[in-house]
Amino acid sequence: QRDFAKADYIAAVERAKELIAGGDFNVPAGDVALRELHPVLSDAFQAAGVGWGHSALNDLPVLRVDQVWVGRDVLPVSVRACATQNSDHRMVVCDVLLPGE
């Protein structure tokens, strides 16, 4: 089933080359549900991931559901999952370079 609101939004910002989208996607990386992001965004962890990158759950991370996706002009430098004290998920930290930096 296609989520038209998300697909239409992504199509509307297709020219936004400096787009960054991140958060809990509620599906593991590589899931077919993420395929509509690929025309516009790429998985930052695939380009610059450090370690396993798994964020769920904090005490025993086995899934990478917390992700950062970037537009064409955003260069991921480092993406990593860090243990936290105030969440059941690990925090994902993504360092990027933007055009002109």
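Before any of the text, the structure's been laid out above.
Residues numbered from 1 in each chain as written. Predicted model: local features only at pLDDT ≥ 70, side-chain atom pairs only at ≥ 80, totals over all residues. Heavy atoms only, no water.

K.L.:
What is the right way to read the overall build of the protein chain from this model?
P.N.:
Within the protein chain one finds 2 helices and 5 strands. Starting at the N terminus, the α and β elements of the protein chain follow one another as α-β-β-α-β-β-β. For the protein chain, with 101 residues in total, the buried portion stands at 31%. By element, 54% of the accessible surface of the protein chain is carried by carbon and sulfur atoms, the whole surface being about 6,600 Å². (Helix = DSSP H or I, 4+ residues; strand = E, 2+ residues; numbered from the N terminus. Buried < 20%, exposed > 50% of the residue type's maximum accessible area, 1.4 Å probe, protein only. Areas by Shrake-Rupley, 256 points an atom, 1.4 Å probe, with all protein chains shown as cover.)

K.L.:
Which parts of the structure should I look at to understand a nonpolar patch on the surface?
P.N.:
A cluster of nonpolar side chains, namely L60, V62 and L63, defines an oily patch on the protein surface of about 290 Å² accessible area. Counting through the fold element by element, V62 comes out in the loop between α2 (44-48) and β3 (66-70). (Patch = residues over 30% accessible without salt bridge, like charges linked within 9 Å, V, L, I, M, F, W, Y side chains within 5 Å. Salt bridge = Lys/Arg side-chain N within 4 Å of Asp/Glu carboxyl O.)

K.L.:
What is the right way to look at the sheet that holds β3 in this model?
P.N.:
Across a sheet, strands are paired by hydrogen bonds formed along the backbone, either parallel or antiparallel in direction. Here 3 strands make up an open sheet; going across it, the order is β1-β3-β2 and the pairing antiparallel. In the strand order of this sheet, the two ends are held by β1 (20-24) and β2 (42-43), each with one partner. For β2 and β3, the ladder comprises 2 bridges, and the chain directions are antiparallel. Within β3, the position partnered with S42 by the bridge is V70. (Pairing = 2+ DSSP bridges.)

K.L.:
Is there a simple way to think about the environment of A47 in this case?
P.N.:
Inspection of the secondary structure puts A47 in helix α2. Spatially, the C-alpha atoms of A47 and S78 are 8.4 Å apart, while their sequence positions differ by 31 residues.

Taken by themselves, the reported measurements are silent on function.
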